[in-house]
Amino acid sequence: MEEFDVDPIITNIPISSHGKHLGFACGPGDILVYETLYKQSGASGSCSSFIHQVRKDEEIHSPILRKLFNESHHIFVGLQTIQDEIPIKNKKSQYVSISKNYRSVIRACIEELQQVAVNTKDSAVCTQYGNQVSILLAIELIWNLCEVLFIDAVGALLLHLLDWVRLHKGDVDEKATHVLQSESPAEHSDYWDVVVGYVLQGRLEEVRQLLVKQAILQPAARNMYKLMDNLLSKMPFYNPGGTQTPTDFDVKWRHWHEEVDRCLRDNSFASNPHLELIAKILVGDEDTLLEHKELLGTWYHFLVTRLLYGHPTVKATELHFYAHSCMTMFLDPRSVPEALDSILLAAFEFDIHQVIKDCSIALNNWWFVAHLTDLLDHCQLLQSHNLHFGSNLREFLLLEYASGLFSHHSLWQLAVDYFDHCPEFGRVYLELQMERIPLDTERKALKVLRICEQRQMSEQVRSICKIMAMRALRNNRLGSALSWSIRAKDAAFATLISERFLQDYCSRGSFSDLDLIDNLGPAMLLSDRLTFLGKYREFHKLYGEKCFREAAKLLLSLMTAKIAPRSFWMTLLTDALPLLEQKEVIFTSEQTYELIFCLEELTSSCNTTTSAATSMTDTPMQEEDLEVTKVELLRLALARNLAMAIVNEGTVEV
């Protein structure tokens, strides 16, 4: 499908919590959003239409990148534990270490993606992983530069920039490996490219070792190679942390620079163009450097090489000037700088907020900007930058990143910690997101519930428990439904489920989920019906243990205290029959009178209800006869027990 024409201003704004942008060709699962914009022009209005595309975040579902999210989460949580009262100077080494940990996680993911891309036979997967590698390489490059300029920020700036270039310009080492493994390294076609590449990176010891191999093949030019080796060995490197003062270094460097320049003027290397090229690089000849763009590769490599051989004592405040000029000199004037170029340039200008802004626009996920901003904020480099709509920049980016994680079936658990460390809006975001998590299984629901309970999110706890209780009730899992309703402290729902338990008992003659009912404990006080259910089960246990007097006392108290529902009284009275028929008198005369009163109260109310119902419907005669028989049996048993109780209580033991 063709790419749609989209307003470039809108294109540069992330439109979802996953950092995706507008104006890309459609793919499976993409959503097209049609928008009409009305613009006022004088008295009349004009309208223009755009089709925007919302893409889902594919990276979050990559199994390899999930490792990046998981590992960086542990680093993030560790960073938050660094105590605020520790002076920033003492915390600096910790922050540098944390930054390197982040980069090591990125590097591990890059290597794994490269390995999978090499081994896969699916071209589409290979392309996808290749794109992810490119993005991660750019992220690592930017992060490393930010670490050098902002986090570490030591005096030996140029040495750190050299390490930065060497780390991210690995093709020289790959070529060197092939050259050195060949039968005759000095005669290899890439030999001089490797030598010049090492010179451009300031790796002069490696250059000297390689030149020795060439000197052996050319005995006649041995003095020339010896002269070059002497120049390379004497080149000074500026290290502010050492004992050498800037003035001493400047004198030493100028002396060395003049010596190399004198060798060029004397044509000491005129007979060997390769050595002459090295000498021109050593004196910082910019035209010579620009003639070897293919070995430099990038304008920022050109920048570091130019500084090394032309301005070794450069200060951080001067970097932006050299960065601008190097990018202008290196890039084609007709080309437009890429997003990576603009980001690196902003870093060299020490414009942290522009770096973060450009990365938010260019990259396809909030992971990088969220973690980098968090680290920079801990370094107290973003204190002066607050957003107009509430939270600061760090919190805004963390909220966006964490919100994106909630779209994944397992990574949402990581997002909880990110919200926890957003003091202003984190709690609100977490509450909203927890309510949207699909509770697919009971195990997942318990995870969500535990998180909410740990944070005293009472509304969310009740909501989750009610949802799970209703789902269990629909599936006729009464025990699970009762357990969830108790956790929700929902008295009405607990009453409803207790009624279902009692109905099941009446129809089957036994209780289900005995373990739950036997261990209700104080939870039975949640509702009257639940209290009755627990106490009624306790009556059955006492009866089963042949504790008849305790069982009889409990049974009677359920009716006289009005705990038992009136509709269940006949069942309770029927349960009393075996106790009334015991040889030993269980119920006292007073208790028997109370049972008789309950029976009469029940029958009188039932007679009124039955007569009213009979006038409207035909009640089956068998049901009426059964109830009448029950009542007669109860009256007979109560009368017999009353007589026995009176006799027993009136008998004086001698």
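Keep in mind that what you see is a predicted model, and the values were worked out from it rather than measured.

**Here's the deal with the pattern of salt bridges**
Logical step 1: Per the stated rule, a full pass over the model turns up 29 salt bridges.
Logical step 2: A salt bridge links Arg455 to Asp420, with the nearest nitrogen and oxygen atoms 2.7 Å apart. You can see Arg455 sitting in the loop between helix H22 (442-454) and helix H23 (458-474) and its partner Asp420 sitting in helix H20 (residues 412-420), a full 35 residues away along the chain.
Logical step 3: Residue classification places Arg455 among the buried positions, given a relative accessible area of 16%.
Logical step 4: Accessibility expressed as a relative area gives 35% for Asp420, which makes it partly exposed.
Logical step 5: Between Arg427 and Glu431 there is a salt bridge, and its shortest N-O distance comes to 3.0 Å. Placement of the pair is Arg427 and Glu431 together in helix H21 (residues 426-436), with a separation of 4 residues, close to one helical turn.
Logical step 6: Its relative accessible area of 37% is what places Arg427 among the partly exposed residues.
Logical step 7: Counted as one network, the salt bridges with shared partners bring together Asp173, Arg203 and Glu206.

**Description of helix H11 (residues 273-282)**
Logical step 1: Listed as buried for H11 are Leu275, Leu277, Ile278, Ala279, Ile281 and Leu282.
Logical step 2: By the N-cap criterion, in which a side-chain oxygen at the helix start approaches the backbone nitrogen of a residue two or three places on, H11 is capped by Asn272, the distance to His274 being 3.1 Å.
Logical step 3: Of the residues one or two after H11, Gly284 is the one with positive phi, at around 75°.

**Here we look at unusual backbone geometry**
Logical step 1: One non-glycine residue, Asn267, lies in positive phi territory at about 60°.
Logical step 2: Tracing the chain through its elements places Asn267 in the loop between helix H10 (246-265) and H11.
Logical step 3: A relative accessible area of 49% means that Asn267 is categorised as partly exposed.
Logical step 4: With a phi close to 50°, Gln456 is a non-glycine residue in the positive phi region.
Logical step 5: With respect to the element layout, Gln456 can be found in the loop between H22 and H23.
Logical step 6: Owing to a relative accessible area of 62%, Gln456 belongs among the exposed residues under this scheme.

**Remarks on the packing of aromatic side chains**
Logical step 1: Enumeration according to the criterion identifies 26 aromatic pairs in this entry.
Logical step 2: Between Phe539 and Tyr543, the ring centres sit 6.3 Å apart and the planes meet at 40°, which makes this aromatic pair tilted. Taken as a pair, Phe539 and Tyr543 lie in helix H27 (residues 528-544) at a separation of 4 residues, close to a single helical turn.
Logical step 3: For Phe539, a relative accessible area of 2% puts it in the buried group.
Logical step 4: Taken together through their ring pairs, the aromatic side chains of Phe532, Tyr536, Phe539, Tyr543, Phe548 and Phe568 make up a single cluster.
Logical step 5: The residue whose ring lies beneath Lys293 is Phe330, and the NZ or CZ to ring-centre distance is 5.3 Å.

**A look at the confidence of the model for the protein chain**
Logical step 1: Of the residues in the protein chain, 84% reach a pLDDT of 70 or more, and the chain-wide mean stands at 82.
Logical step 2: Residue range residues 1-44 is modelled with pLDDT below 50. Its contacts to residues more than four positions away, or to other chains, number 104 contacts.
Logical step 3: Below pLDDT 50 for its whole length, residues 611-617 participates in 2 contacts with residues either more than four positions away or in separate chains.

**Quick word on the side chain of Asp490**
Logical step 1: For Asp490, the position within the fold is in the loop between helix H24 (478-488) and helix H25 (491-508).
Logical step 2: Side-chain polar atoms of Asp490 contact the backbone nitrogen of Phe493, separated by 3.1 Å.
Logical step 3: Excluding residues within four positions of it along the chain, Asp490 makes contact with Lys466, Ser485 and Leu526.

**Brief notes about empty space enclosed by the protein**
In this approach a probe as big as a water molecule rolls over the atoms, and the regions it shows empty are the leftover space.
Logical step 1: Taken as a whole and assessed by the stated rule, the structure comprises 3 cavities of 30 Å³ or more.
Logical step 2: Estimates place the volume of the largest cavity at around 140 Å³.
Logical step 3: Ile135, Leu136, Ile139, Asn364 and Asn365 are the residues nearest the centre of the largest cavity, which is lined by 13 residues in total.
Logical step 4: Put simply, the parts of the chain that give the lining of the largest cavity at least two residues each are helix H2 (63-80), helix H4 (123-152) and helix H18 (367-378).
Logical step 5: Here the lining of the largest cavity gets 4 residues from one element, more than from any other, and that element is H4.
Logical step 6: Residue composition of the lining of the largest cavity, by class: 9 nonpolar, 3 polar and 1 charged.

**Some thoughts on the environment of Asp374**
Logical step 1: Structurally, the position occupied by Asp374 is in helix H18.
Logical step 2: On the basis of relative accessibility, which here comes to 0%, the residue Asp374 falls in the buried class.
Logical step 3: It is 9.3 Å that separates the C-alpha atoms of Asp374 and Gln80, two residues lying 294 residues apart in sequence.
Logical step 4: Residues contacting Asp374, with those up to four places away along its chain left out, are Phe76, Leu79, Gln80, Arg394 and Leu398.
Logical step 5: A polar atom in the side chain of Asp374 sits 3.0 Å from the side chain of Gln80.

**Things to note about the state of the cysteines**
Logical step 1: Taken as a whole, this structure holds 0 disulfides when the rule is applied.
Logical step 2: Here Cys359 is not cross-linked by a disulfide; its sulfur's nearest cysteine counterpart is in Cys146, at 6.9 Å.
Logical step 3: The exposure class of Cys359 is buried, given its relative accessible area of 1%.

What counts as what
- Residues numbered from 1 in each chain as written.
- Predicted model: local features only at pLDDT ≥ 70, side-chain atom pairs only at ≥ 80, totals over all residues.
- Heavy atoms only, no water.
- Salt bridge = Lys/Arg side-chain N within 4 Å of Asp/Glu carboxyl O.
- Helix = DSSP H or I, 4+ residues; strand = E, 2+ residues; numbered from the N terminus.
- Buried < 20%, exposed > 50% of the residue type's maximum accessible area, 1.4 Å probe, protein only.
- Polar contact = N/O pair within 3.5 Å; in protein donor to acceptor, adjacent residues only side chain to side chain.
- Phe/Tyr/Trp six-rings, centres within 6.5 Å; stacked < 30°, edge-to-face > 60°.
- Lys NZ or Arg CZ within 6 Å of the ring centre and 35° of its normal.
- pLDDT = per-residue confidence, 0-100.
- Contact = heavy atoms within 4.5 Å.
- 1 Å grid on protein atoms, 1.4 Å probe; cavity = no way out; pocket = protein on both sides within 12 Å on 5 of 7 lines; lining within 4 Å.
- Points joined across faces, edges and corners; volume = space filled by probe spheres on them.
- Nonpolar A, V, L, I, M, F, W, Y, C, P; charged D, E, K, R; others polar.
- Disulfide = S-S within 2.5 Å.

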